[in-house]
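Now for the letters of each chain:
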Amino acid sequence: MEKNYITVWDECLKIFRDNLGDSANFRTWFAPIKPVKLEDNTLTIQVPSPFFCEWLEEHYVGLLRSTIRRTLGPEGRLEYSVVMDSTNPYAITAESGFRNETRNHPTAMPVPPKDHLPDPFIIPGLKKIKINSQLNENYSFDNFIEGDCNRLARSAGYAIAENPGKTSFNPLFIYSPIGLGKTHLMNAIGLQSKMNYPDLTVLYVSAELFTQQFVEACRNNTTNDFTHFYQLIDVLLIDDIHKLAGKDKTQDAFFQIFNQLHQSGKQLVISSDKSPVELQGIEQRLLSRFKWGLAADLQVPDVETRIAILQKKIHANGVEMPKDVIEYIAYSISTNIREMEGVLNSLLAQSILNKKTITMELAKKMIDQIVHNSVKEISIDYIQKIVCDHFELPVEKINSNTRRREIVIARQLAMFFAKKHTKSSLASIGAQCGKRDHATVLHACKTINNLIETDKSFKSLVEDLDKKIKS
């Protein structure tokens, strides 16, 4: 049976995935490619831009060559077709290829009639170039759970998507430690912008990839093309801008692009692991521009928001999970949403693929495997949950002003274990235990220590709770 171009490319993709896994490199550089035709043992593939073609040939030519030989034989050949504006009679269809070890020369650009000379400052065909936005369809506003921790950033992002480049949030600078949703929010802004304005050109790119592209452009003497390309974007989302630190030439290129886009009323969204005032190694002229719009941080979500995130994901997968397991995950992992979702994904995989019942024991095992390979981080939320479960009390009770003895003891135990197992200050512990002051925490710890020394049954209770907290 004769192969067609679709089946050949599907075979190639399987080989690429075997070599690269389902990694960012595979999703960025191979998933967007479309097969076009197969003629005379030559497979033609369509790539989104000239930079894409150059990057493939620079970094993956060996893999491409070996894969084509495996699927088409020793005489197999690959050609690239760069998407350009089909309505422009002088647009280039840039094709290049290789046969064994020899690359062909790109197709030459046709010379237009003298009365139709193109503007020398416009790259032929680039204005209508089909750009892969590099957005993750799973990271939408629909599954971005709102809470006190992210309300400002989410509201600003949604307002931008409703009217890109026309709000006072330009640029929008989003910052937080890793794993709290920066990338999700940026993708959500891009997806919603595209949905509201299909004709806009939206591009999500990491600062690391931006740097790699710029280095390639410098190497190939195409920096003007690189700058012009980015200046055509309507909504530019740059992730992890802190990775430009110390890269002066790349910062200079981004400065030019930033100015042109901002002056043209285009939207910029930038993320970082630090606020603009804390960034090191970034030029002051860039930092001052980051402050033009809105700087919004994403904070560690409270336990209610973490539970809501888990419930949303569980519902989307159509799987049932015991309430106590959901709460255990939410209380156990408090500072990194990515890790929390990783544990949940593993549990869902066990349930769906291996047909296992999700139990507390399985949840603890997953958390130990995925998160707690290093020293376990114990949160105050988690301590409160363990203590309240023992006394069969809702957490709200120990954070209230109730003076019932059982509730007071539970509250004091929570403070005692928080001082023992966390690095939080006494003031911070008191603030999270019903907005009490540091003196109350000290009194609680002294009371618990006295009870341990004088009451054997109470000492046994404390030891049991301590084991649960550390398990």
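Below or above, wherever it landed, is the structure these notes cover. Keep in mind that this is a model prediction, so the values were computed, not measured.

## Examining the packing of aromatic side chains
Turning to step 1, where the next piece is worked out: Within this structure, the stated rule accounts for 17 aromatic pairs.
Turning to step 2, where the next piece is worked out: Look at Phe-210 and Tyr-230: their rings are 5.0 Å apart centre to centre, the planes differ by 70°, and that puts the pair in the edge-to-face class. In this pair, Phe-210 sits in helix α7 (residues 207-219) while Tyr-230 sits in helix α8 (residues 223-231), placing the two residues 20 residues apart along the sequence.
Turning to step 3, where the next piece is worked out: Overall, the relative accessible area of 1% leaves Tyr-230 in the buried class.
Turning to step 4, where the next piece is worked out: Taken together, a centroid distance of 5.6 Å and an interplanar angle of 55° make the contact between Phe-214 and Phe-226 tilted. Note that Phe-214 is positioned in helix α7 and Phe-226 in helix α8, a separation of twelve residues in sequence. Residues Phe-214 and Phe-226 agree in their burial class; the two are buried.

## Some remarks on the nonpolar core
Turning to step 1, where the next piece is worked out: Met-321, Ile-329, Leu-347 and Leu-413 are the most contacted members of the largest nonpolar core, which has 82 residues in total.
Turning to step 2, where the next piece is worked out: Ignoring anything within four residues of it in the chain, the contact list for Met-321 reads Ile-314, Ile-326, Ile-329, Leu-344, Leu-347, Leu-348 and Ile-358.
Turning to step 3, where the next piece is worked out: Grouped together as the second largest cluster of nonpolar side chains are 51 residues, Leu-72, Leu-203, Phe-214 and Ala-217 included.

## Observations concerning the sheet that holds strand β8 (residues 235-239)
Turning to step 1, where the next piece is worked out: Spatially, β7-β8-β9-β6-β10 is the arrangement adopted by the five strands of the open sheet, whose pairing is parallel. Across the chains shown, the open sheet's two edge strands, defined by having one partner strand only, are β7 (202-206) and β10 (294-297). Looking at each pair of strands side by side, their axes are set apart by 15° on average, direction ignored.
Turning to step 2, where the next piece is worked out: Of the strand pairs in this sheet, strand β6 (residues 172-175) and strand β9 (residues 267-272) are connected by four bridges, and their pairing is parallel. Within β9, the position partnered with Phe-173 by the bridge is Ile-270.
Turning to step 3, where the next piece is worked out: Sitting on the sheet, helix α6 (residues 182-196) is in contact with β6, β7, β8 and β9, with an inclination near 170° to β8.

Definitions and limits used
- Residues numbered from 1 in each chain as written.
- Predicted model: local features only at pLDDT ≥ 70, side-chain atom pairs only at ≥ 80, totals over all residues.
- Heavy atoms only, no water.
- Phe/Tyr/Trp six-rings, centres within 6.5 Å; stacked < 30°, edge-to-face > 60°.
- Helix = DSSP H or I, 4+ residues; strand = E, 2+ residues; numbered from the N terminus.
- Buried < 20%, exposed > 50% of the residue type's maximum accessible area, 1.4 Å probe, protein only.
- Core = buried A, V, L, I, M, F, W, Y, C linked by side-chain atoms within 4.5 Å.
- Contact = heavy atoms within 4.5 Å.
- Pairing = 2+ DSSP bridges.
- Axes fitted to C-alpha atoms, helices over the stretch in contact; angles between N-to-C directions.

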